[in-house]
Amino acid sequence: MDMRNTVFPGITAAFLMVAAGAAQAATIFADDFNRPAGNSVGNGWAERESEADDVAIFADRLRLRDFVSDALPSASALQTGLTGGGLVNISVSFDWRGINLESDDRFYFGWAAAGTDALAVDLWTNTGFNSTDDQWRSATISLASVPNLFDVMFWSKVSQRSEGFAIDNFTVSGDVPAPVPLPAAGWLMLAGIGGLAAAGRRRRRAG
């Protein structure tokens, strides 16, 4: 038997085995907000607002606006009960821009264990954003020490009714852990190649 017919398929199979061990990204939750404009965000989002259209779908985006008080979020959109399901390196990404902002207006993304009080924002791990222009920006945030079951929330603190934020292309994702550690896969690859080569030599001797 031709050595190439024995060893080369073995090398290919071993390479595929190593490649299968690499972590792959998986989506936990995603929302592009591309749906008809309305006062209800939908898709499982819970809203807190002063008026019905403060947290809404507008121009295929999530919009937060209006003023409540300095002590509380002005408007918020909450997504509950997300699960990492054994994933690692969980992160979120989204696009955002300000609407009529002043220098002291801020927008936040936060995460916490499922069931955490949405008004007790001090209990949430969060990242704040600010801009005094209306340019779109992209954000990617690693969710450090995220529990297996968790909630995520957008909220704003602004000083005027006309001020707020638009959010688009929201995704929560994580990596599927490699089923076989790469060092172990490497040893398996070498053992498989060696075994196939030995089998080829035995066949040649027998012939």
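Remember, predicted model here, so these are calculated numbers, not experimental data. (Residues numbered from 1 in each chain as written. Predicted model: local features only at pLDDT ≥ 70, side-chain atom pairs only at ≥ 80, totals over all residues. Heavy atoms only, no water.)

## Brief notes about the overall build of the protein
- When you go through the protein residue by residue, the secondary structure sums to two helices and 11 strands.
- Reading the secondary structure of the protein in the N-to-C direction produces α-β-β-β-β-β-β-β-β-β-β-β-α.
- Looking at the 207 residues of the protein, the share that counts as buried comes to 36%.
- For the protein, contacts bridging at least 24 residues in sequence account for 76% of all contacts bridging at least 6.
- Carbon and sulfur atoms form 55% of the exposed surface of the protein, whose accessible area is close to 10700 Å². (Helix = DSSP H or I, 4+ residues; strand = E, 2+ residues; numbered from the N terminus. Buried < 20%, exposed > 50% of the residue type's maximum accessible area, 1.4 Å probe, protein only. Contact = heavy atoms within 4.5 Å. Areas by Shrake-Rupley, 256 points an atom, 1.4 Å probe, with all protein chains shown as cover.)

## Brief notes about the nonpolar core
- Counting residues in hydrophobic clusters, the biggest one holds 33 residues, and the most contacted among them are Leu62, Phe94, Phe109, Leu143, Phe154 and Phe170.
- Among the elements of the structure, β3 (55–58), β4 (61–65), β5 (75–83), β6 (88–99), β7 (106–113), β9 (137–142), β10 (149–157) and β11 (164–176) are those that each provide at least two residues to this core.
- Among residues more than four places away in sequence, those in contact with Leu143 are Ile90, Ser91, Val92, Phe109, Trp111 and Phe150.
- Core analysis: the next-biggest nonpolar cluster, separate from the first, contains seven residues, Leu78, Val121, Trp124 and Trp155 among them. (Core = buried A, V, L, I, M, F, W, Y, C linked by side-chain atoms within 4.5 Å.)

## Focus: the pairing of β10
- With seven of nine residues buried, β10 is to be regarded as a mostly interior element.
- Where β5 lies against β10, seven bridges are found, and the strand directions are antiparallel. Residue pairing in the sheet places Leu78 in a bridge with Met153 of β10.
- Bridging between β7 and β10 involves eight bridges; their strand directions are antiparallel. Bridge pairing links Tyr108 to Trp155 in β10. (Pairing = 2+ DSSP bridges.)

## As for the sheet that holds β7
- Read from one edge of the open sheet, five strands run β2-β5-β10-β7-β8, paired in antiparallel fashion. The outermost strands of the open sheet, each flanked by one partner alone, are β2 (46–48) and β8 (125–129). Mean inter-strand twist for the sheet, computed between neighbouring axes without regard to direction, equals 15 degrees. (Axes fitted to C-alpha atoms, helices over the stretch in contact; angles between N-to-C directions.)

## Quick notes on the pattern of salt bridges
- Tallying each qualifying case throughout the model produces seven salt bridges.
- Asp53 is paired through a salt bridge with Arg65; the nearest N and O atoms lie 2.8 Å apart. Of this pair, Asp53 sits in the loop between β2 and β3 while Arg65 is found in strand β4, placing the two residues 12 residues apart along the sequence.
- Taking the relative accessible area as the measure of exposure, Asp53 reaches 23% and is therefore partly exposed.
- One salt bridge connects Asp54 with Arg65, and the closest N-O pair in it is separated by 3.8 Å. Highlighted residues: Asp54 in the loop between β2 and β3 and Arg65 in strand β4, separated in sequence by 11 residues. (Salt bridge = Lys/Arg side-chain N within 4 Å of Asp/Glu carboxyl O.)

## Describing unusual backbone geometry
- Residue Asp60 is not a glycine yet carries a positive backbone phi of 60 degrees.
- Inspection of the secondary structure assignment puts Asp60 in the loop between β3 and β4.
- Located in the positive-phi region is Asn169, a residue other than glycine, with phi close to 50 degrees.
- Checked against the element boundaries, Asn169 lands in strand β11.

## Comments concerning the confidence of the model for the protein
- Per-residue pLDDT for the protein has a mean of 84; in total, 74% of the residues score no lower than 70.
- Taken together, the stretch residues 1–20 has pLDDT below 50 and engages in 21 contacts with residues farther than four places along the chain or on a different chain. (pLDDT = per-residue confidence, 0-100.)

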